[in-house]
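Notes for the structure review
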Amino acid sequence: ISAMLKGLDRPCVPITDAGREELVSRVLTAVQAQRTLASSRVHIHEASPRGGRHLRFIDLSSIAALFVVGAALLWPTVSAMRQRALQVAGASRMGSVGSAVGQYALDHNAALPMASASLAGRTWWNVGKPEESNSANLFTLRRTGYASLEQLASPGNAKAQGLALPPDAWDWPDLECVSYSYQNQFATQRRCMNDRAVGFIILADKSPVALRAWRGELVVYADETSPNFAGRGQNVLHSDGQVVWLQTPSTASGDDLWLPASIERGMKAAQRKGQAQSQAQG
């Protein structure tokens, strides 16, 4: 500022006293305006006092905008990769359970794992009571040493991760900790590994219908998929050891994974009746 003012004493053209004062006022006003503008900016200085570089707020805004745009472009891809990885991990875990079921069947005359008499017609969803819990039948694999607790925990079930139970436990503490829907042993006719219906389903990811019923919800959705994978679908294990991913609860034969045969027949009959009424009205 001092150098600028000294230059006024050596003007290139003649200048009056009034003009000199006006020019000084304009220069000082411009300098003050620049100082005010500079003080309103955000500066980030280097830690070293020798460093002269800094970032302005507008520079930070540009960098942040680049990150936001990049995240928006990459997030769907990353999310899809994570979902696919979880699905593959779930299939692998279920496959290991299938191996344990197969070994159990070899040692028990082709029978599927059972914890109690599992009489037909009994309540089968009271987890913690072996005589009323179908999950206790599957838990037999852990209790008898054919599978670990970690093997019986789906990667998609957060409630089952890191669960610690005593060696003499007969069942999981509650239904939320159960990762799989097991072939119901509370039936008049139980499947076995040498069943002629080769490839029948032994295991599927957790049933949303049973979970809603256990929570006391009055409405269930027959077309809902497993909560293990946030409603995207579920893995199913066949008796031949094959693990298949299904995006709906309907199997290749048209059966519903979650509903008993009697309820399925009733729903189909009601659907046919409704269609007939609609056609008659039309």
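Reference entry: report on the structure contained in this document. (Residues numbered from 1 in each chain as written. Predicted model: local features only at pLDDT ≥ 70, side-chain atom pairs only at ≥ 80, totals over all residues. Heavy atoms only, no water.)

Along the backbone of the protein there are 6 helices and 6 strands. The secondary structure elements of the protein, listed N-terminal to C-terminal, are α-α-β-β-α-α-β-β-α-β-β-α. In the protein, which comprises 282 residues, the proportion classed as buried is 28%. Taking all contacts inside the protein whose residues are at least 6 apart in sequence as the whole, residues at least 24 apart take part in 58%. (Helix = DSSP H or I, 4+ residues; strand = E, 2+ residues; numbered from the N terminus. Buried < 20%, exposed > 50% of the residue type's maximum accessible area, 1.4 Å probe, protein only. Contact = heavy atoms within 4.5 Å.)

On to the environment of D223, then. Summarising the element assignment, D223 is placed in the loop between α5 (208-214) and β5 (234-238). Taking the relative accessible area as the measure of exposure, D223 reaches 61% and is therefore exposed. Along the primary structure D223 and T248 are separated by 25 residues, whereas in three dimensions their C-alpha atoms are 6.7 Å apart.

Strand order in the open sheet formed by 4 strands is β3-β4-β5-β6, with antiparallel pairing between adjacent strands. Strands with a single pairing partner mark the edges of an open sheet, and in this sheet they are β3 (180-182) and β6 (243-246). Across this sheet, the average inter-strand angle for adjacent strands is 25°, counted without regard to direction. (Pairing = 2+ DSSP bridges. Axes fitted to C-alpha atoms, helices over the stretch in contact; angles between N-to-C directions.)

Further remarks concern the nonpolar core. V97, L138, L141, W172, I202 and L203 are the most contacted members of the largest nonpolar core, which has 26 residues in total. Among the elements of the structure, α3 (57-107), α4 (134-143), β3 and β4 (201-205) are those that each provide at least two residues to this core. Among the elements that take part in this core, α3 stands out by supplying 5 residues, more than any other. Residues I201, V209, V236 and L259 belong to the second largest nonpolar core, which totals 7 residues. (Core = buried A, V, L, I, M, F, W, Y, C linked by side-chain atoms within 4.5 Å.)

With that settled, consider the pattern of salt bridges. Under the criterion given, the structure shown has 4 salt bridges. One salt bridge connects R212 with E217, and the closest N-O pair in it is separated by 2.7 Å. A residue is classified by how much of its surface remains accessible, and E217, at 32% relative accessible area, is partly exposed. Here the salt bridges do not stand alone but share partners, grouping K159, E176 and R215 into one network. (Salt bridge = Lys/Arg side-chain N within 4 Å of Asp/Glu carboxyl O.)

This next bit is on the pairing of β6. Pairing between β5 and β6: 4 bridges, direction antiparallel. Looking at β6, one finds that V236 is bridged to V244. Remark: 4 residues form the turn of the hairpin made by β5 and β6, two consecutive strands paired antiparallel; G241 in that turn has positive phi of roughly 90°.

Under the defined criterion, the tally for this structure stands at 4 aromatic pairs. Residues W124 and W125 carry aromatic rings whose centres are separated by 5.4 Å and whose planes lie at 85° to one another, so their mutual orientation is edge-to-face. Under the relative-accessibility criterion, W124 is labelled partly exposed at 31%. A centroid spacing of 5.2 Å and a plane angle of 85° characterise the contact between F229 and W245, whose relative ring orientation is edge-to-face. Residue F229 is found in the loop between α5 and β5, and its partner W245 is found in strand β6; the two are separated by 16 residues along the sequence. (Phe/Tyr/Trp six-rings, centres within 6.5 Å; stacked < 30°, edge-to-face > 60°.)

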